[in-house]
Each structure stands twice: as C-alpha cells, then as structure tokens.
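# Residue-level structural notes
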Amino acid sequence: MSTDGTRAVRLTRWGGPPVITEVARPVPTGEQVLIQVEAAGLCRSDLHVIDAREGALLYRTPFTLGHEVAGRVLERGPGAMGPAVGERVVVYGPWGCGSCARCAVGSENYCDRRTALDADRTGTGAGLGRDGGMADLLLVPSGRLLVPVGELAVVQAAPLSDAGLTAYHAVAGIRRAIDDDASVVVIGVGGLGHLAVQILRATTTARVLAVDVREEALALADQCGAHFATLLRPDSAAVLRDRTGGVGAVAVLDFVGGRSSLDLATGVLRPGGELVVVGSGGGELSVRKPGVLPPGTRISLPFWGTLPELEQVVALAREGVLKVEVEQFALSRALEAIEGLRSGGVRGRAVLVPD
Ligand code: NAD
Ligand code: ZN
Ligand code: ZN
C-alpha cells in the first residue's frame, strides 16, 4: 500500500464483479471520523447488491462495499464527537439524516428523510451506495455512528453490526408474542440466522425450531442452541407443526424470503402469529388468496436495527452470550470469499481482514 493511497473492494458496475483497487486516502473534515478497518463482514445482501440490475437500487455505482465494519479510530475531524483516537469500535451502518425524530433516538434504519435521501440517490449507509468498509480505511460521517467494543475480538465485533443487529431487531419485534410454550421457527441458519437462534435462546423462553437446506447449517443451529433442526423437505411444515404440539408456531423468522421459505412459513404459523420476513430472496406473498395466510397473521419487514439495539448486541457479545461463527479471509481474497458465499460454502459469517 502506498502512503497516499489505500485499498478498497469497489462495485464499479451493476452485475459486478467488484474490483480490488487503490483509492485516495480519505481525510476527515467536520464531524467525520476515519476508521482503520480491522474486520469487515460479508453479507448475502452484498450479493444482492452486486447482482442488482441498473436502476433496481436507489443509489449509484461506483462505491466501496462493506456494511459490517469494526476497527480503530485513526483520525477525527475538528468537530468530531464520540470515541477517541485509538479506541476500538464497531460502525452502525444505516446512515440517516442524523437530525429527524427517528434519527434522534438512534433509529437511523427508519430515518424520516429516507424517501428524500433515496430521491437524491444518497445511499442507505456504509457499503450501500456510500463507501463502506471492505477496505483499509472507512470514513464515517459522524462519531454518533460508532459503538466502542472494548476487548471484543474485531472479527466477532464486525458481524454484530448487521448479522447480529438485524437478528436482534427481528427478535425484538416478536418478543411480546412469546409466552411460555411458544415455538419460533427460524428459516435459514446462515450469518443472520445462527445469531437469531442464539438471541432467541438467550433472551426469550421460546422453543426454537430451525430449518435450512444445508446439513452443516443444521449442525450450526444445533451448536447455537436450537431445540430442533431439520432440512427443508416437502413435508417440513407437517414435521415442524408436529414439534409445536400441533398448534403451529407463534412466529416465523424468515432469513431467506424466497418462495419455498414463505410457503413453509405460512404452513407452520399459528393463527394470530407473526411472520417476520428478513431475507430478500425475491419471494411473493398473497394477502388476498383465502387459506394462504392463517387468520390474524401479522407481517413485518424489519430493516437492520437501531443504535441502542447495537449497543445491546455488543453487550451480549462482551458477556460471552453471543458467539459469531466466523470464517476469516484476507481482504486481498475478497472475491474468493464472495464466490464462497455464493456457492453455499460459508459456515456462519465470512469476515475479511486487511492483510
Ligand atoms: P446467508 O447466506 O449467510 O444465510 C442464508 C441461509 O439460508 C443459508 O444457511 C442457506 O443455506 C439457507 N437457505 C437458502 N435457501 C433456503 C430455503 N429455501 N430454506 C431454508 N434455508 C435456506 O445469508 P445472510 O447474510 O444471513 O442473509 C440472509 C438474508 O437476509 C439475505 O437475503 C440478506 O440479503 C437478508 N438481509 C436482510 C437484512 C434486513 O435488514 N432486512 C439485513 C441483512 C441481510
Ligand atoms: Zn447485510
Ligand atoms: Zn433521519
């Protein structure tokens, strides 16, 4: 790496592939903070972003990928708030306007100015239209978006900012529905799903039933504390329903969002249940066709999570309650990691470490 340049994994055109290239070293001004990246998680959303058709997403290329980032504060702009130089932090990735009522309470994932930001093609946050953290350095708009992680290992910390936070926010949305003998089905035990299983076990009394299409994901579900894990098969709805004592699940967390997962979800839900669609697998649901959704189903489409929730997730990890299953790759091998995730070869979360 030269002294005035720095490496970054950039999406230069929709459809990819991304390129690893040298970019100018960012200089923090105003409230901005420059982070020396030490770990950046790879999410299936990165594949959706890379594969998107021109115009499908509300931001422009080129930009640096990477929305799950941990590292050290390297340099602060003259008006920066928050963590000091040298402090180890994780970056809260959804970047809103910072001043509306939602942003004021740390819910930048649901910024009131999102529609206006989208109209300007401003981008949703780190690595999503704005330069992200699959790089040596990351420029963060404000210190308000940083959460200190103390001695937590950086490869553990980075995935907390999306895989951990999104799973936690999804569970938070169904917590009030979970009573003593409630069953919750988790579909897709990958980066997000394996943490959802742990969060459900650590923070609720739910019986956790997990489904995946890969045997090794079932082994991971088991390791994370699922009460039961099964491969997706034509009779999965009946098998799972049986495990709920015949009544059905009080909630389904769908981390796939495809046709087969939504079919399974609607087949195992109990009347008045919660269908939480987190995955963006392109599936469709009919709310009109009789018999498709049980009566009283509440559907939610949670997006990422809030800053206070990220603090709670970091606290759980620091207590040793949450453990991310990590497959580590050197940043220079980012393209191999991306292909590995695409072919279903990653157990837990792939995390890139600058080399
Ligand atoms: P991942 O690839 O790590 O995990 C997906 C898991 O689902 C894998 O274990 C895979 O084997 C399994 N799977 C695939 N098809 C299946 C099926 N039909 N039935 C059961 N299991 C199946 O992905 P990830 O990074 O955990 O992301 C999961 C999804 O969530 C992606 O679509 C991603 O874009 C989305 N996502 C949404 C948000 C949000 O805020 N809503 C945030 C992050 C990721
Ligand atoms: Zn993501
Ligand atoms: Zn806002």
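In short, a report on the structure. (Residues numbered from 1 in each chain as written. Chains lettered and ligands numbered in written order. Predicted model: local features only at pLDDT ≥ 70, side-chain atom pairs only at ≥ 80, totals over all residues. Heavy atoms only, no water.)

### Observations concerning the site of ligand 1
If you check the shell around ligand 1, you find 27 residues, and the closest are Arg-44, Ser-45, Asp-212, Trp-304 and Arg-349. If ligand 1 stood free it would expose 860 Å²; the protein chains cover 90% of that surface. Listing elements by their share of the shell around ligand 1, those giving two or more residues are helix 1 (44-51), helix 4 (154-174) and helix 5 (191-203). Looking at the shell around ligand 1 element by element, the count peaks at three residues for helix 1. The residue makeup of the shell around ligand 1, split by class, is 13 nonpolar, nine polar and five charged. (Near = heavy atom within 4 Å. Areas by Shrake-Rupley, 256 points an atom, 1.4 Å probe, with all protein chains shown as cover. Helix = DSSP H or I, 4+ residues; strand = E, 2+ residues; numbered from the N terminus. Nonpolar A, V, L, I, M, F, W, Y, C, P; charged D, E, K, R; others polar.)

### Here we look at the coordination of the zinc ion (ligand 2)
Bound to the zinc ion (ligand 2) on the protein side are Cys-43 (SG), His-67 (NE2) and Asp-162 (OD), at distances that span 1.8 to 2.3 Å. Going along the chain, you hit the donors of the zinc ion (ligand 2) in the pattern C-x23-H-x94-D. Here the residue Cys-43 occupies a position in the loop between strand 3 (33-42) and helix 1, and His-67 occupies one in the loop between strand 4 (63-64) and strand 5 (68-76), the gap between them amounting to 24 residues. Given the relative accessible area of 4%, His-67 is considered buried. (Donors = N, O, S within 2.8 Å, 3.2 Å for Na, K, Ca; no water. Buried < 20%, exposed > 50% of the residue type's maximum accessible area, 1.4 Å probe, protein only.)

### Some thoughts on the coordination of the zinc ion (ligand 3)
Every protein donor of the zinc ion (ligand 3) is accounted for by Cys-97 (SG), Cys-100 (SG), Cys-103 (SG) and Cys-111 (SG), and the metal-donor separations fall at 2.3 to 2.4 Å. With four donor atoms in place around the zinc ion (ligand 3) and angles of 104 to 117 degrees between them, the coordination shape is tetrahedral. (Tetrahedral: all angles 85-135°; square planar, octahedral: opposite > 155°, others 65-115°.)

### A few points about the pairing of strand 17 (residues 326-330)
Relative to strand 18 (residues 349-353), strand 17 runs parallel, the two sharing five bridges. Across the sheet, Ala-330 pairs through a bridge with Val-353, a residue of strand 18. Following the chain from strand 17 across helix 10 (residues 334-342) to the adjacent parallel strand 18, one finds a crossover that is right-handed. (Pairing = 2+ DSSP bridges. Right-handed = clockwise from strand over helix to strand, strands pointing away.)

### Section: the side chain of Thr-204
If you trace the backbone, Thr-204 turns up in the loop between helix 5 and strand 12 (207-212). Taking the relative accessible area as the measure of exposure, Thr-204 reaches 13% and is therefore buried. Side-chain polar atoms of Thr-204 contact the backbone oxygen of Leu-200, separated by 2.6 Å. A polar atom in the side chain of Thr-204 sits 3.1 Å from the backbone nitrogen of Ala-206. In contact with Thr-204, not counting residues within four places along its chain, are Val-171, Arg-175, Ile-178 and Ile-199. (Polar contact = N/O pair within 3.5 Å; in protein donor to acceptor, adjacent residues only side chain to side chain. Contact = heavy atoms within 4.5 Å.)

### Remarks on the sheet that holds strand 1 (residues 5-11)
Spatially, the three strands line up as an open sheet ordered 2-1-4, and their pairing is antiparallel. Of all the strands in the sheet, just strand 2 (19-24) and strand 4 have a single pairing partner and so form its edges.

### Notes on the side chain of His-67
At 3.3 Å, the side chain of His-67 and the side chain of Asp-46 are in polar contact. Among the polar contacts listed, one links the side chain of His-67 to the side chain of Asp-162, at a separation of 3.0 Å. With residues up to four places along the chain from it excluded, the contact list for His-67 reads Cys-43, Ser-45, Asp-46, Gly-93, Ala-126, Leu-128, Ser-161, Asp-162 and Trp-304.

### With respect to the pattern of salt bridges
Scanning the entire structure with this criterion turns up 18 salt bridges. In this structure, the salt-bridge partner of Glu-75 is Arg-25, at a minimum N-O distance of 3.2 Å. Within this pair, whereas Glu-75 is found in strand 5, its partner Arg-25 is found in the loop between strand 2 and strand 3, the two being separated by 50 residues in sequence. Accessibility expressed as a relative area gives 33% for Arg-25, which makes it partly exposed. Salt-bridge contacts for Arg-349 lead to Glu-68; the nearest nitrogen and oxygen are separated by 2.8 Å. (Salt bridge = Lys/Arg side-chain N within 4 Å of Asp/Glu carboxyl O.)

### Quick look at a nonpolar patch on the surface
On the surface, Leu-285, Val-287, Ile-299 and Leu-301 cluster together to form a nonpolar patch covering roughly 380 Å² of accessible area. Tracing the sequence through the fold places Leu-285 in the loop between strand 15 (269-277) and strand 16 (298-300). Its relative accessible area of 31% is what places Leu-285 among the partly exposed residues. (Patch = residues over 30% accessible without salt bridge, like charges linked within 9 Å, V, L, I, M, F, W, Y side chains within 5 Å.)

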